[in-house]
Amino acid sequence: MTAPSTTVPSGPDLASRRSGVIGVGALLATQWVSEAADVVAEHRLDAYGVRPHVLVGLRGIVFAPFLHAGFGHLIGNTVPFAVLGILVGLGGLRRLLGVSAIVAIVSGLGVWVFGSSNEVHIGSSGVVFGYLAYLLARGFFARNVGQVLIGAVVGLLYGGLLWGVLPTTRGVSWQGHLFGVVGGVLAAKVLSAQSASKTDERTG
């Protein structure tokens, strides 16, 4: 008597990986176009960032990652966003968007609750910290040795960024960084659990 056939889940195919990388490019392009528009508007768009403790300030959860305090700020975030984002995006566009959404929401809400009332928080660094934390944590939740090794390499290259979760530099949104990390770990846990559930459905 033969054993019942099973299916072994594979990782994202080439088309999915390509769409994820293109998605990172689209997010970056939106940031650059938004900053150009902000310069033309004499930086009035910055008011759409996260404003803590004010109901209207919650709109910044959506807009803040695409707004920056000048091109210098944007350039500083572009390289780590591109590198870490592509590593996330290799999991496919849906994974990229899922991680980005969870990180942006958790980071934005953390800033809104714990930030100072007289501040407006803008920039994609919260998402960058979230990507970093996701890449560091996903292998442990997924119990995937390859992902753990990738996380180790990412930690060696970008682990120093994690000092940014401390309130050491005036004018830097450490709350956005801290809760970006929280969001990244949460995204790793939630999305790894979803992947495991789908695997069980296919092999059960």
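In this text the structure is predicted, and so the values were computed from the model without any measurement.

Reading the values: the criteria
Residues numbered from 1 in each chain as written. Predicted model: local features only at pLDDT ≥ 70, side-chain atom pairs only at ≥ 80, totals over all residues. Heavy atoms only, no water. Helix = DSSP H or I, 4+ residues; strand = E, 2+ residues; numbered from the N terminus. Buried < 20%, exposed > 50% of the residue type's maximum accessible area, 1.4 Å probe, protein only. Contact = heavy atoms within 4.5 Å. Areas by Shrake-Rupley, 256 points an atom, 1.4 Å probe, with all protein chains shown as cover. pLDDT = per-residue confidence, 0-100. Patch = residues over 30% accessible without salt bridge, like charges linked within 9 Å, V, L, I, M, F, W, Y side chains within 5 Å. Salt bridge = Lys/Arg side-chain N within 4 Å of Asp/Glu carboxyl O. Phe/Tyr/Trp six-rings, centres within 6.5 Å; stacked < 30°, edge-to-face > 60°. Lys NZ or Arg CZ within 6 Å of the ring centre and 35° of its normal. Core = buried A, V, L, I, M, F, W, Y, C linked by side-chain atoms within 4.5 Å.

It is worth spelling out the overall build of the chain at this point. Scanning the chain from terminus to terminus reveals seven helices and zero strands. Going from the N terminus to the C terminus, the chain shows its helices and strands as α-α-α-α-α-α-α. Counting over 204 residues, the chain shows a buried share of 40%. Look at the contacts in the chain between residues 6 or more apart in sequence, and 79% of them connect residues 24 or more apart. Per element, the accessible surface of the chain, about 11100 Å² overall, is 69% carbon and sulfur.

For the rest of this paragraph, the subject is the confidence of the model for the chain. Parts of the prediction with low pLDDT should not have their coordinates interpreted in detail. In the predicted model, the chain carries a mean pLDDT of 89, and 90% of its residues have values of at least 70. Here residues 1-9 is a poorly scored stretch, pLDDT under 50, and it has six contacts once near neighbours within four places are set aside; other chains count.

Our focus in this paragraph is a nonpolar patch on the surface. Together, Trp32, Val39, Phe71 and Ile75 give the surface a local cluster of nonpolar side chains, amounting to about 340 Å² of exposed area. Taken together, the elements giving at least two residues each to the nonpolar patch come down to helix H1 (14-40) and helix H3 (71-89). Here Val39 lies in helix H1. Look at Val39 and you get partly exposed, because its relative accessible area is 38%.

Turning to the packing of aromatic side chains, a few remarks are in order. Per the stated rule, a full pass over the model turns up four aromatic pairs. On the numbers, 5.8 Å between centres and 80 degrees between planes, the contact of Tyr48 with Phe63 is edge-to-face. Here the residue Tyr48 occupies a position in the loop between H1 and helix H2 (60-63), and Phe63 occupies one in helix H2, the gap between them amounting to 15 residues. Of the residues examined, Tyr48 reaches a relative accessible area of 35% and is grouped as partly exposed. The partly exposed category is assigned to Phe63, whose relative accessible area is 40%. When the ring of Phe114 is compared with that of Phe179, the centres are 5.3 Å apart and the planes differ by 10 degrees; the resulting orientation is stacked. Of this pair, Phe114 sits in helix H4 (residues 93-114) while Phe179 sits in helix H7 (residues 174-203), and the two are 65 residues apart along the sequence. Looking at Phe179, the relative accessible area reads 18%, which means it is buried. For Arg59, the ring lying beneath its charged end belongs to Tyr48, and the centroid distance is 4.2 Å.

Looking now at the side chain of Asn77. Tracing the chain through its elements places Asn77 in helix H3. Overall, Asn77 belongs to the buried group, its relative accessible area being 9%. Discounting chain neighbours no more than four positions away, the residues touching Asn77 are His68, Ser124, Ser125 and Val128.

Judged by nonpolar contacts, the single largest core of 22 residues is most densely connected at Phe81, Leu84, Val88, Val99, Tyr131 and Tyr134. At the level of secondary structure, the elements contributing two or more residues to this core comprise H1, H3, H4, helix H5 (125-142), helix H6 (145-158) and H7. Per-element accounting of this core gives the leading share, seven residues, to H5. Residues in contact with Tyr131, not counting those within four places in the same chain, are Leu27, Phe81, Leu84, Gly85, Val88, Leu96, Val99 and Ser100.

For the rest of this paragraph, the subject is the pattern of salt bridges. Taken as a whole and judged by the stated rule, the model has one salt bridge. A salt bridge links Arg44 to Glu42, with the shortest nitrogen-to-oxygen separation between them at 3.4 Å. Each of the two residues, Arg44 as well as Glu42, counts as exposed.

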